[in-house]
Amino acid sequence: MERTWKSKKDRRDAAVAFLQKTITDPDVRSAVLKDRRSAHKQFEKAGEINIPDDVEVICVGPSTQERDRLVVFVLPPEDAPAEHLDAFKYWIGTWVPYSGEAITTFLSHSQTKPEIAVPSLN
């Protein structure tokens, strides 16, 4: 059975299968860390899912030094006020660059919930 990209459950299941493959097969792990196209293909293959061509699959290693080399933002809407922007609402990957205390403080003082939630593979 092939999974479909439109299904969140299928994407999650495919991600688990892909991540398991990166743990059990050192050749796959090496390939996906070096090449985004390979990561896309390996995710499709291991996850048994068709991934749209415009989806970018990026893999970085687990150390903070490796994660420091990737920043992912979801840009604010064009009509968002430019003053008092909070990076936590838009900085979604690869790891939060601040301590957990700062996040807790921000969330407890925020009047609105962040517009962008960090996806969970659980």
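Residues numbered from 1 in each chain as written. Predicted model: local features only at pLDDT ≥ 70, side-chain atom pairs only at ≥ 80, totals over all residues. Heavy atoms only, no water.

## Here we look at the side chain of Thr-22
Keep this limit in mind: Secondary structure elements are defined from DSSP: runs of H or I of at least 4 residues count as helices, runs of E of at least 2 residues count as strands, and each element is numbered from the N terminus. In the analysis that follows, any N or O atom pair within 3.5 Å is treated as a polar contact, provided that within protein one partner can donate a hydrogen and the other can accept it, and provided that, for residues neighboring in sequence, both atoms belong to side chains. We call two residues contacting when some pair of their heavy atoms lies within 4.5 Å.
Structurally, Thr-22 can be placed in helix 1 (residues 8-24). Of note is the side chain of Thr-22, whose polar atom sits 2.6 Å from the backbone oxygen of Leu-19. If sequence neighbours within four positions are ignored, Thr-22 has contacts with Val-28, Arg-29 and Val-32.

## Looking at the nonpolar core
Which entries qualify depends on this criterion: What is meant by a nonpolar core is a set of buried Ala, Val, Leu, Ile, Met, Phe, Trp, Tyr and Cys residues, joined one to another through side-chain atoms within 4.5 Å. Burial classification: accessible surface area is computed with a 1.4 Å probe over protein chains only, and a residue below 20% of its type maximum counts as buried, one above 50% as exposed, and the rest as partly exposed.
In terms of nonpolar packing, the biggest core is built from eleven residues, these being Ala-14, Ala-15, Phe-18, Val-28, Val-32, Ala-39, Phe-43, Ile-49, Ile-51, Val-57 and Cys-59. Mapped onto this core, the elements with two or more residues apiece are helix 1, helix 2 (26-34) and helix 3 (36-47). The biggest single contributor to this core is helix 1, with three residues. In contact with Phe-43, not counting residues within four places along its chain, are Trp-5, Arg-11, Ala-14, Ala-15, Phe-18, Glu-48, Ile-49, Ile-51 and Val-57.

## Here's the deal with the confidence of the model for the chain
We count it as follows: The predictor reports its confidence for every residue as pLDDT, a score running from 0 up to 100.
Mean pLDDT for the chain: 82, with 75% of residues reaching 70 or above. Taken together, the stretch residues 101-118 has pLDDT below 50 and engages in 17 contacts with residues farther than four places along the chain or on a different chain.

## Topic: the pattern of salt bridges
Where we set the bar: Think of a salt bridge as a Lys or Arg side-chain nitrogen and an Asp or Glu carboxyl oxygen that are within 4 Å of each other.
This model, assessed by the stated rule, comprises three salt bridges. Taking the shortest distance from any N to any O, the salt bridge between Glu-56 and Arg-36 comes out at 2.6 Å. Residue Glu-56 is located in the loop between helix 3 and helix 4 (64-67), and its partner Arg-36 is located in helix 3; the two are separated by 20 residues in the primary sequence.

## Details of unusual backbone geometry
The phi torsion at Glu-48 lies on the positive side, around 50°, for a residue other than glycine. The residue Glu-48 is located in the loop between helix 3 and helix 4 in this model. Overall, the relative accessible area of 45% leaves Glu-48 in the partly exposed class. Of note, His-84 is a non-glycine position whose phi angle comes to about 60°, a positive value. The topology assignment puts His-84 in the loop between strand 1 (72-73) and strand 2 (91-93). Since its relative accessible area comes to 81%, His-84 is described here as exposed.

## Examining the packing of aromatic side chains
Where we set the bar: Centres within 6.5 Å make a pair out of two Phe, Tyr or Trp rings, where for Trp the six-membered ring is used; the pair is then stacked when the planes are under 30 degrees apart, edge-to-face when over 60, and tilted otherwise. Whether a charge lies above a ring is judged from NZ of Lys or CZ of Arg, which has to be within 6 Å of the ring centre and within 35 degrees of the ring normal.
The full count for this structure, using the stated rule, is three aromatic pairs. Centre to centre, the rings of Trp-5 and Phe-43 are 6.1 Å apart; their planes meet at 75°, and the pair counts as edge-to-face. On the criterion of sequence distance, the pair formed by Trp-5 in the segment before helix 1 and Phe-43 in helix 3 is long-range, its members being 38 residues apart. Classification of Phe-43 as buried rests on a relative accessible area of 9%. Ring centres 5.2 Å apart and planes at 70° place the aromatic pair Phe-73 and Trp-91 in the edge-to-face group. With Phe-73 in strand 1 and Trp-91 in strand 2, this residue pair connects regions lying 18 residues apart in the sequence. Exposure remark for Phe-73: the relative accessible area of 46% places this residue in the partly exposed category. By the ring-pair criterion, three or more aromatic residues cluster together here, those being Trp-5, Phe-18 and Phe-43. Against the face of Trp-5 rests Arg-11, its NZ or CZ located 5.5 Å from the ring centre.

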